[in-house]
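The lines below spell out each chain.
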Amino acid sequence: MKRRVAFFLLAHCLALAAVTSAAQTVYSNGPINGNVDAFTINFGFIVSDTFNVSNNNTTISGLSFGAWLTPGDTLTSADVSITSEENGGLSFFEGTVNFAQSDCVTNLFGFDVCKETGTFFGPNLSSGTYWLNLQNAVVSNGDPTFWDQNSGPSGASQNGVGSIPSEAFTVLGSATSTSTTSSVPEPSSMMLLGTGVLGLASLVRRKLL
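Cut-offs and rules
Residues numbered from 1 in each chain as written. Predicted model: local features only at pLDDT ≥ 70, side-chain atom pairs only at ≥ 80, totals over all residues. Heavy atoms only, no water. Helix = DSSP H or I, 4+ residues; strand = E, 2+ residues; numbered from the N terminus. Buried < 20%, exposed > 50% of the residue type's maximum accessible area, 1.4 Å probe, protein only. Contact = heavy atoms within 4.5 Å. Areas by Shrake-Rupley, 256 points an atom, 1.4 Å probe, with all protein chains shown as cover. Pairing = 2+ DSSP bridges. Phe/Tyr/Trp six-rings, centres within 6.5 Å; stacked < 30°, edge-to-face > 60°. Disulfide = S-S within 2.5 Å. Core = buried A, V, L, I, M, F, W, Y, C linked by side-chain atoms within 4.5 Å.

Draft legend 1. Looking closely at the overall build of the chain. Of the regular secondary structure elements, the chain holds three helices and 14 strands. Residues counted as buried form 38% of the 209 residues belonging to the chain. At a minimum sequence separation of 6, the contacts of the chain that also span at least 24 residues come to 78%. Of the roughly 11100 Å² that the chain leaves accessible, carbon and sulfur atoms contribute 57%.

Encoded structure:
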């Protein structure tokens, strides 16, 4: 038992030396509105919104957005892409993403307005501005699906009409620190870490003898 505890402490000490980053909101275009307007993201329509990445080495791992649905419908998936231009240019990610539906309410127009959340293995991006594009949404009954308009700070367009007010969405991911203080321990920190590791190694060796 003591040997297992010693090994656990040694592994924990080594893990503290690694730089880790937690999932976070990379960009938010604001909350779902639900009662103004929405734009079709299936039947050949594509809606594109800009989003900003503040830090280099940011890995995109998911998104959530507001959808308008015919009552009783469930959105199961949509094609998601991240590009350098409005639905074009250099493509950083393209794939079909499965979504989980939550927090549905009925709006003034009789639609169910729901939060749709999906995760995926996205690209690693440098700081800058990118385009998020949604299309080919699939719902349980084959009805039209709409992306909620909330007129946030993003620029936006739909391929059928051109420029439009922007939509409700949040891009999720994590940023890996590249600063000297975060990625390379100071000599004193290395010394303390080394001392702790050596001490634990000595303890394990004594227990094994």
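Draft legend 2. Quick look at the sheet that holds strand β10 (residues 128–139). With respect to topology, six strands assemble into an open sheet ordered β6-β5-β10-β3-β12-β13, the strand pairing being antiparallel. Across the chains shown, the open sheet's two edge strands, defined by having one partner strand only, are β6 (88–98) and β13 (162–163). Relative to β10, strand β3 (residues 47–53) runs antiparallel, the two being bridged by seven bridges. Residue F51 lies in a different strand from β10, and its bridge partner there is Y130.

Draft legend 3. Molecular detail of the pairing of β6. Direction of pairing for strand β5 (residues 75–85) relative to β6: antiparallel, over a ladder of eight bridges. Residue V80 lies in a different strand from β6, and its bridge partner there is G95. Hairpin connection, β5 to β6: the antiparallel pair is bridged by two residues, and N87 has positive phi, about 50°.

Draft legend 4. Highlighting the packing of aromatic side chains. For the structure shown, the criterion picks out 11 aromatic pairs. Aromatic side chains W68 and F111 sit 5.7 Å apart centroid to centroid with 40° between the ring planes, which places their arrangement in the tilted category. Of the two residues, W68 sits in strand β4 (residues 58–69) while F111 sits in the loop between β7 (100–106) and β8 (112–119), which places them 43 residues apart along the sequence. The class of W68 is buried, set by a relative accessible area of 5%. Classification of F111 as partly exposed rests on a relative accessible area of 23%. Through pairs of rings, three or more aromatic residues link up here, namely Y27, F51, F65, F92, F99, Y130, W147 and F169.

Draft legend 5. Local environment of the state of the cysteines. In the structure shown here, the tally under the stated rule is one disulfide. Bridging C104 to C114, the disulfide has an S-S length of 2.0 Å. Looking along the S-S bond of the C104-C114 disulfide, the torsion reads about 115°, which is the right-handed sense. Placement of C104 in strand β7 and of C114 in strand β8 is noted, with a sequence separation of 10 residues between them. We classify C104 as partly exposed; its relative accessible area is 41%.

Draft legend 6. Up close: the nonpolar core. F51 and F65 are the most contacted members of the largest nonpolar core, which totals 32 residues. Within the residue set of this core, elements represented by two or more residues are β1 (24–28), β3, β4, β5, β6, β10 and β14 (169–175). Discounting chain neighbours no more than four positions away, the residues touching F51 are Y27, I82, L125, G128, T129, Y130, W131, L132, F169 and V171.

Draft legend 7. Spatial organisation of the pairing of β7. Sheet topology note: the β7/β8 ladder contains five bridges and is antiparallel. Of the residues in β8, the one forming a bridge with T106 is D112. Connecting β7 to the next strand, β8, in antiparallel fashion are five residues, including G110 with a positive phi near 90°.

Draft legend 8. Quick peek at unusual backbone geometry. For D103, which is not glycine, the phi dihedral falls at a positive 55°. Here D103 is to be found in strand β7. Taking the relative accessible area as the measure of exposure, D103 reaches 59% and is therefore exposed. Here the phi dihedral of N136 falls at roughly 55°; this positive angle occurs in a residue that is not glycine.

Draft legend 9. Just the side chain of S81, in detail. By the secondary structure assignment, S81 is in strand β5. Assessed through its relative accessible area of 6%, S81 is described here as buried. In this structure S81 touches F93, E94, W131, L132 and N133, once residues within four positions along its chain are discounted.

These values are about where atoms sit, not about what they do.
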